[in-house]
Amino acid sequence: MSDAHAPLETLPRSLKILLGTALLALAAFPFVGTDYYLQMVTRMMILAIFAMSLDLLQGVTGLVSLGHAAYFGVAGYALAFLTPPGEPVSLWWTLPAAVGISALLALVIGFLVVRTHGIYFIMVTMAFAQMVFYVFFDNKALGGSDGIYINFKPEAVLFDLENKKVFYFFTLALMVLVYVFLRRLLWSPFGRALAGIRVNEHRMRALGYGTFSHKLAAFTLAGALAGLAGFLWGAQSGYVNPELMGFHMSAHVIMMVILGGMGNFAGAIVGAFSFEYLLHVFKDLPTVGAFNLGKHWQLWMGLFIVALVILAPRGILGLLATLLKGKEKGHD
Amino acid sequence: MTKASSASEVLLHANKVTKNFGGLTAVNEVSVDLCKGQIHAVIGPNGAGKSTLANLLSGDLPPTSGHVSLNGQDITGWTPEKISRYGLGRSYQKTNIFKSFSVWDNVRLSAQSRSQPGPFNPLAWFTQAIHMKDVNARAERAIELAGLENRRHAMAGAASHGEQRQLEIAMTLATEPQVLLLDEPLAGMGQAEAESMVQLLLRLKVSHAMMLVEHDMDAVFALADQLTVMVNGQVIASGLPAAVRADTSVQAAYLGEDH
């Protein structure tokens, strides 16, 4: 009945139960995992926030931005500049400041790019992100190609982010918060209008919607949330470099959203986790004869995504939904 | 004299609007008045510029020259969304709906355009769209007017052609316009569907100013209070339907010599 290529907006109950179970597993993980894996999962959750922010544009509004890493990286740099070399800085004002800077950058760039459509939108978002990248890459004062170290995690007073478990739970809480916010947003008047723009922008305008301001608001909001992720990334890794806002980062986050399944935010989370996990697996592939399989991880990742897009156009979550649905029907 | 007495009721006035596409003049100095309580039908052969005229009035295309005013306000060069919000609703010749949404969601989203806080207002992010009472009421009215009560859960893209035409009208009505531009609402409809659409348009006429672009001559003469005939982008006759019908140049150019 529903269009096979339309995004999965409403999640079937079975999928909700599965995702709830996964959330419980995430909450329990710090009590069993080693520090190494704790950090890895924290990174996955940060990327999940980043991927959700892009999904608002890509899956909900139908805008494919190939420069989303700019807003991610800029917030990381904001933390780096705001943290003095010798002492920590308060979380409570640096986090809003970094997110605000990303939002402002997205507002300014968005003002110029959301008036373009299709392939042009992809090109100009990429062009602006490359400009931001080179501003940092070529300026010694901004850290240059080497980047900047962040010697201290932000000081939160109420809890200690230097503790890896605390940082893990802090990130988990923010990921859940962003998810709940975006799910609510999806069914808000604003979210419905964005979905309308994805399906038929011309008709939206004829109905009286200022689609420019809607797309600009979505672009700004997505930039702000990407900034939240970038801030956490900088805080966690203690280091920022221009790669964070580079082309590869932008491309990877698009792949995460496609991999997981677009338009419902849960897919973005699943996609970010899967992407990072696959990256780990592919990079660890052994050397066969003279051929180092692990070194060519991009090839395997590319093949995997191509296969998935052909076999399951709605991503891993769409595939799961279909499988679970089939099973439910089988039981009837 | 009907014109003079209803002059105060002119809701939309187009004054010598022209549209050039390169060397082609698609619409050439066309003037049209739309009055409340009247249907102004625009007829003409394919390529006469009827749909282009509708696009000039709705803001889908900016006119090359000439002026359009709505409720006394000059709206020439306004964007379609601004003109829509100022009280003009239009339907399209080629069905223009949200195919992957249900019929209800199509109409609800149309109605929402009049109640939603601006996209930068957090109120628009945190409220839930399905609980907007005024929007639901407006959508419900439009669904009932268009006769789609029993099809609200159907996927719009899977609805029949006639139902999609009804949906076009319902979406337009959900924005509660004062002026309606309907571009071939009867196109491709069966006899019964066309008959109920004609009845609907007669009901809507009372409270709207309406421009009707239509090919179905039976419907046009059943509905029109004013009739304009366009050929090659130009108006060749305009006035009361009976007078236009009797016009020899119209008979020669359009209705056929033997009429």
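Visitor: What is the right way to read the domain arrangement of chain B from this model?
Guide: Interface size is often expressed as the accessible area that is lost when the parts come together. Residues and elements named next belong to chain B. One can read the domain layout of chain B as domain 1 (1-80 + 195-202 + 213-259) and domain 2 (88-176). Computed over C-alpha atoms only, the centres of domain 1 and domain 2 are separated by 27 Å. On the side of domain 2, 7 residues touch domain 1, which itself brings 6 residues to the contact. For the side of domain 1 that touches domain 2, the secondary-structure elements that each account for two or more residues are α2 (50-58) and α8 (191-205). Of all the elements, α2 adds the most residues to the side of domain 1 that touches domain 2, at 3 residues.

Visitor: Please explain the environment of Gly-22 of chain B as it appears in this structure.
Guide: Residue and element names in this part refer to chain B. Position of Gly-22 relative to the elements: it lies in the loop between β1 (10-21) and β2 (24-35). A residue is classified by how many C-beta atoms lie within 10 Å of it, and Gly-22, with 5 of them, is exposed. Sequence-wise, Gly-22 and Val-231 are 209 residues apart; in three dimensions their C-alpha atoms are separated by 19 Å.

Visitor: Would you mind going over the packing of helix α9 (residues 247-260) of chain A against helix α11 (residues 297-311) of chain A with me for this structure?
Guide: A pair of packed helices is characterised by two quantities: the angle between their axes and the separation of those axes. Residue and element names in this part refer to chain A. Where α9 meets α11, the axes come as close as 10 Å, and the angle between the chain directions of the two elements is 40°. Between α9 and α11 lies a crossing of left-handed hand. The segment α9 lies against α11, with Met-255, Ile-258 and Leu-259 engaging Ile-305, Leu-308 and Val-309. A class-by-class count of the residues in the contact of α9 with α11 yields 6 nonpolar, no polar and no charged.

Visitor: Can you help me understand the sheet that holds strand β8 (residues 209-213) of chain B in this one?
Guide: In a beta sheet, neighbouring strands are held together by backbone hydrogen bonds and run either parallel or antiparallel to one another. Residues and elements named next belong to chain B. With mixed pairing, the 6 strands of this open sheet are ordered in space as β6-β7-β8-β3-β9-β10. For this open sheet the edge positions go to β6 (88-91) and β10 (234-239), each flanked by a neighbour on one side alone. Sheet twist, expressed as the mean angle between neighbouring strand axes with direction ignored, is 15°. Across 4 bridges, strand β3 (residues 39-43) lies against β8 in parallel orientation. What sits directly across from His-40, in β8, is Met-211.

Definitions and cut-offs
- Residues numbered from 1 in each chain as written.
- Chains lettered and ligands numbered in written order.
- Predicted model: local features only at pLDDT ≥ 70, side-chain atom pairs only at ≥ 80, totals over all residues.
- Domains from an automatic or database assignment.
- Contact = placed C-beta atoms within 7 Å.
- Helix = DSSP H or I, 4+ residues; strand = E, 2+ residues; numbered from the N terminus.
- Buried ≥ 20, exposed ≤ 12 C-beta atoms within 10 Å, placed from the backbone.
- Axes fitted to C-alpha atoms, helices over the stretch in contact; angles between N-to-C directions.
- Left-handed = near helix turned anticlockwise from the far one by under 90°.
- Nonpolar A, V, L, I, M, F, W, Y, C, P; charged D, E, K, R; others polar.
- Pairing = 2+ DSSP bridges.

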